[in-house]
Amino acid sequence: MSRYRPQRNYGCRIHDQVSYKGLKTVVLENDLVRVSVLVDKGTEIFEYLYKPKDLDFMWLTDNGVQNPNEYLPTSPDPVATFVDYYSGGWQEVFPNGGPTSAYLGAQFGQHGEVAHMPWDYEIVQDTEQLVSVRFSVRTKKLPFRLIKKLTLELGSSSLLIEEQLDNLSDIPLRYMWGQHLAFGKPFLEPGCRIIVPNHVKMITESVESPVSLPGRVRRGVTYDWPFGLAETGDQVDLSVLPERGTLSDMMYLTGFEAQAWYKVENSARGMGMQVEWDAAEMPCLWYWQEFGATKGYPWYGRHYNIGLEPFAGYPTLGLEEAIRNDSAGAIGARERKTFRLKTSPYELDR
């Protein structure tokens, strides 16, 4: 606790003795953006507000932020332990991506461990020109330490995230690691456009996959971005978001160069978001699409959102499958990995 830390109501600033829904929260802000982080719930970013337009880029589900300490699940469901408390926004996913999976005797539920664990934090820098906070956690089921530093600078809408992954054991290990970054209203609307580098390819779920449902394009096919083929044979432009009620879909974008990036733009609102990341560590981009066609649990036709999620490992079937197809991350005994990601809201030229 930093009880006597100097306070400011201008420039860059940090609010760290904050509780939201009973969860310890850290808020970083400057003249352009405010970023709110649930320290007690996996460092989940539930707010990324662009102040000049009062526009939040993070998707917020109808259930909103949920405190896991206030609800006792009524069924032993390894998917519900994540989904029932899912508020949208942005989670750190590690060391499992997708549903239940086992590795070296450890059993994982949906999206691994760290998304719901409380993290430690310390303020690294706190000046009018720059604020920086470091968060850290140790996983329970595997011997990992994960450290992430969030930084904002005055006059910039960009959030810089620098991460460090340590294998604390003498055994080489595998993992899935991802940034579960979801966009929704008010930013996301039909007609929004997704822009990625040239030569990116899209891998769809196989027809036999348990998560393969009827979607916008044919299953088990790899396409060149941005065009796929519907079951009717019609071409589908996956870079333009469709009308509400369109079938949901899941696919994986690959072929990024070392410094990967994508943009999501809403020309009607005159705003975009650019995400840049280190593809050496997270070479895949999960593209989750939910446009209100899912009538059952957990969406019930209520939401219009996408996830564009840098990841080590695919598909969304858990660590066992990512190891089998050799897309899972690998780390040696006592080895350290590093990762960088930057998000930048921007205004479109009119």
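Bear in mind the structure is a predicted one, so any value in this text is a computation, not a measurement. (Residues numbered from 1 in each chain as written. Predicted model: local features only at pLDDT ≥ 70, side-chain atom pairs only at ≥ 80, totals over all residues. Heavy atoms only, no water.)

Participant: Would you explain the side chain of Arg174 in this entry?
Facilitator: If you trace the backbone, Arg174 turns up in strand E13 (residues 173-175). Polar side-chain contacts of Arg174 include one of 2.9 Å to the backbone oxygen of Ala328. Setting aside residues no more than four positions away along its own chain, Arg174 makes contact with Tyr103, Phe144, Leu319, Ile323, Asp326, Ala328, Gly329 and Ala330. (Helix = DSSP H or I, 4+ residues; strand = E, 2+ residues; numbered from the N terminus. Polar contact = N/O pair within 3.5 Å; in protein donor to acceptor, adjacent residues only side chain to side chain. Contact = heavy atoms within 4.5 Å.)

Participant: When you look at the sheet that holds strand E15 (residues 193-195) in this model, what are you seeing that I'm missing?
Facilitator: The pairing of strands in a sheet comes from backbone hydrogen bonds and takes either a parallel or an antiparallel form. Reading across the sheet, the eight strands line up as E9-E10-E11-E12-E26-E22-E21-E15 and stay open at both edges, with antiparallel pairing between neighbours. Each having just a single partner strand, strand E9 (120-126) and E15 make up the two edges of the open sheet. The sheet shows a mean angle of 15° between the axes of neighbouring strands, taken without regard to direction. Relative to strand E22 (residues 271-278), strand E21 (residues 259-266) is paired through eight bridges, and the arrangement is antiparallel. The residue bridging Glu265 from the neighbouring strand is Gly272, located in E22. (Pairing = 2+ DSSP bridges. Axes fitted to C-alpha atoms, helices over the stretch in contact; angles between N-to-C directions.)

Participant: Teacher, can you tell me more about the environment of Met271 here?
Facilitator: Of note, Met271 is situated in strand E22. On the basis of relative accessible area, Met271 is assigned to the buried category, the value being 0%. Here Met271 is in contact with Tyr50, Lys53, Leu55, Phe57, Phe187, Val264, Glu265, Asn266, Pro345, Tyr346, Glu347 and Leu348, once residues within four sequence places are set aside. (Buried < 20%, exposed > 50% of the residue type's maximum accessible area, 1.4 Å probe, protein only.)

Participant: What is the right way to look at the pattern of salt bridges in this model?
Facilitator: Under the definition given, this model contains 20 salt bridges. Put simply, Asp126 and Arg5 hold a salt bridge, and the shortest N to O gap is 2.7 Å. Residue Asp126 is found in strand E9, and its partner Arg5 is found in the segment before strand E1 (13-20); the two are separated by 121 residues along the sequence. Arg5 matches Asp126 in its accessibility class, with the two residues each being buried. For Glu47, the salt bridge is made with Arg34, and the minimal N-O distance between the two is 2.9 Å. Placement of Glu47 in strand E4 (residues 44-50) and of Arg34 in strand E3 (residues 33-38) is noted, with a sequence separation of 13 residues between them. A relative accessible area of 26% places Arg34 in the partly exposed class. Among the charged side chains, a network of salt bridges with common partners joins Arg5, Arg8, Asp16 and Asp126. (Salt bridge = Lys/Arg side-chain N within 4 Å of Asp/Glu carboxyl O.)

Participant: How do you make sense of the nonpolar core when you look at a structure like this?
Facilitator: The nonpolar side chains of soluble globular proteins are, as a tendency, buried together. One finds Phe183, Leu253, Tyr262, Trp277 and Tyr287 to be the most contacted residues of the largest nonpolar core, which totals 95 residues. When near neighbours in sequence (up to four residues on either side) are disregarded, Trp277 contacts Phe256, Ala258, Gln259, Ala260, Trp261, Tyr262, Met282, Leu285, Pro310, Phe339, Arg340 and Leu341. (Core = buried A, V, L, I, M, F, W, Y, C linked by side-chain atoms within 4.5 Å.)

Participant: What exactly am I supposed to notice about the pairing of E4 here?
Facilitator: Among the seven residues of E4, seven are classified as buried, and the element is accordingly described as predominantly covered. Across six bridges, E3 lies against E4 in antiparallel orientation. For Val37, the partnering residue across the bridge sits in E4 and is Ile45. The hairpin formed by E3 and E4 contains five residues between the paired strands, and Gly42 there has a positive phi angle of roughly 75°. Relative to strand E5 (residues 55-56), E4 is paired through two bridges, and the arrangement is antiparallel. Within the sheet, the bridge partner assigned to Leu49 lies in E5 and is Asp56. Adjacent in sequence and paired antiparallel, E4 and E5 are bridged by four residues, among which Asp54 carries a positive phi angle near 50°.

Participant: For this particular structure, what's the right way to read unusual backbone geometry?
Facilitator: Generally, phi is negative for residues other than glycine and the peptide bonds are trans, each holding for most cases. A cis amide bond links Lys185 with the next residue in sequence, Pro186, at an omega value of 5°. Examined against the element boundaries, Pro186 turns out to sit in the loop between strand E14 (177-183) and E15. With an omega of 5°, the peptide bond running from Trp225 to Pro226 counts as cis. With respect to the helices and strands, the residue Pro226 is situated in the loop between strand E17 (222-224) and strand E18 (227-229). Even without being glycine, Asp326 reaches a positive phi, approximately 65°. Inspection of the secondary structure puts Asp326 in the loop between helix H2 (319-324) and strand E25 (329-331). For Asp326, a relative accessible area of 56% translates into the label exposed. Residues other than glycine seldom take positive phi values, yet Arg334 does so here, at roughly 60°. As for its placement among the helices and strands, Arg334 is situated in the loop between E25 and strand E26 (336-347).

Participant: How do you make sense of the pairing of E22 when you look at a structure like this?
Facilitator: Across a regular strand the side chains alternate sides, sitting on one face of the sheet and then on the other. With six of its eight residues buried, E22 lies for the most part within the structure. Here E21 folds back onto E22 in antiparallel fashion, the turn holding four residues, of which Gly270 has a positive phi close to 70°. Bridge count for E22 against E26 is seven bridges, and the pairing is antiparallel. Bridge pairing links Met273 to Pro345 in E26.

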